[in-house]
Amino acid sequence: MSLILLLSIFIALELFESNWQKSTHFIGLIKNNYLVYKKSIFLYFLLNPTFFYALYLSIVLNNFNFWMSSIVIMKFIDISFRLFLLSKIDNDEPIDKYIPMNFAISLPLRYINTLIYPTMFLLALI
């Protein structure tokens with residue numbers, strides 16, 4: 001596969017994830033995640049395809065260098081933390097001690113992942 005195609009797929013998947021989770025504040029983002037999580041954990045994982053795509057690229061390209069491994073680890077930590085928060089919400093526990101501040105998510109912050117992860121992917125291929 002060509003590098004441009006792999007990169008385009010990565011960017012498209014990042015845009016997809018950013019759009020289904022979008023909210024103006026972090027708690028809203030977590031609530032959007034919870035709505036999907038409540039329907040089905042499998043659906044929740046399907047709606048987070050970049051983790052699986054990064055893992056797939058690592059294996060297929062046999063690339064486990066610092067940058068590629070960093071992508072996979074960061075994606076894993078991100079999903080794990082969100083699942084932790086969602087399980088707290090599911091058990092009617094407050095998440096205030098884990099997220100003490102409900103910060104605003106601006107448009108650039110919402111889509112920064114579409115720059116960071118593909119750039120890291122390109123660095124992994126150098």
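As the structure is a prediction and not an experimental result, all values here were calculated from the model.

Rules used in this analysis
Residues take numbers from 1 onward in each chain, read along the sequence in its written order. Local features in a predicted model are, by the rule used here, given only for residues with pLDDT of at least 70; side-chain atom pairs are given and counted only at 80 or more, and totals for whole chains, interfaces and linings are based on all residues. Water and hydrogen atoms play no part in the side-chain values, which are based on all heavy atoms of the structure. Residues grouped as a nonpolar core are buried Ala, Val, Leu, Ile, Met, Phe, Trp, Tyr and Cys residues, joined through side-chain atoms within 4.5 Å. Only protein chains enter the calculation, and the probe is 1.4 Å; a residue is then buried if its accessible area is under 20% of its type maximum, exposed if over 50%, and partly exposed in between. A run of H or I in DSSP becomes a helix once it reaches four residues, and a run of E becomes a strand once it reaches two; helices and strands are each numbered from the N terminus. Residues are treated as being in contact if the distance between any of their heavy atoms lies within 4.5 Å. Basic side-chain nitrogens of Lys or Arg form a salt bridge, by our definition, when they fall within 4 Å of a carboxyl oxygen of Asp or Glu. Stacked, tilted and edge-to-face are the three classes assigned to paired rings of Phe, Tyr and Trp, where Trp is represented by its six-membered ring and a pair needs centres within 6.5 Å; plane angles under 30 degrees give stacked, over 60 edge-to-face, the rest tilted. In this scheme, Lys NZ or Arg CZ marks a charge over a ring once it lies within 6 Å of the ring centre and within 35 degrees of the ring normal.

Nonpolar side chains in soluble globular proteins tend to end up buried together. Residues Phe10, Ile30, Tyr44, Ile71 and Phe121 are the most contacted members of the largest nonpolar core, which totals 31 residues. For this core, the secondary structure elements donating two or more residues are helix 1 (3-21), helix 2 (26-39), helix 4 (49-60), helix 5 (66-90) and helix 7 (113-125). Residues contacting isoleucine 30, with those up to four places away along its chain left out, are Arg82, Leu85, Leu86, Ile89, Ile95 and Ile99.

A separate point is the environment of methionine 74. Of note, methionine 74 is situated in helix 5. Looking at methionine 74, the relative accessible area reads 35%, which means it is partly exposed. Remark: the alpha-carbon pair of methionine 74 and tyrosine 117, spanning 43 residues in sequence, is separated by 9.6 Å.

What follows covers the pattern of salt bridges. Within this structure, the stated rule accounts for three salt bridges. The partner of glutamate 14 in a salt bridge is lysine 75, and the shortest N-O contact between them spans 2.6 Å. Taken as a pair, glutamate 14 in helix 1 and lysine 75 in helix 5 lie far apart in primary sequence, 61 residues in all. Under the relative-accessibility criterion, glutamate 14 is labelled buried at 0%. With a relative accessible area of 5%, lysine 75 lands in the buried category. Between glutamate 93 and lysine 88 there is a salt bridge, with the nearest N and O atoms lying 3.3 Å from each other. For glutamate 93, a relative accessible area of 33% corresponds to the partly exposed category.

Further remarks concern the environment of isoleucine 30. Relative to the assigned elements, isoleucine 30 resides in helix 2. With a relative accessible area of 1%, isoleucine 30 lands in the buried category. Along the chain, isoleucine 30 and leucine 86 lie 56 residues apart, while their C-alpha atoms are 7.5 Å from each other.

Unusually for a residue other than glycine, asparagine 62 sits at a positive phi of about 50 degrees. Along the chain, asparagine 62 turns up in the loop between helix 4 and helix 5. Located in the positive-phi region is aspartate 92, a residue other than glycine, with phi close to 60 degrees. Along the chain, aspartate 92 falls in the loop between helix 5 and helix 6 (107-110).

Considering all chains together, one arrives at 13 aromatic pairs under this definition. Measuring from ring centre to ring centre gives 6.2 Å for tyrosine 34 and tyrosine 37, while their planes differ by 35 degrees; the resulting arrangement is tilted. In this pair, tyrosine 34 and tyrosine 37 are both assigned in helix 2, three residues apart and thus about one turn of the helix distant. Each of the two residues, tyrosine 34 as well as tyrosine 37, counts as buried. Three or more aromatic residues link up through ring pairs in this structure, and these residues are Trp20, Tyr34, Tyr37, Tyr44, Phe45, Phe51, Phe52 and Phe76. The positively charged end of lysine 75 is found above the aromatic ring belonging to tyrosine 117, 3.9 Å away from the centroid.

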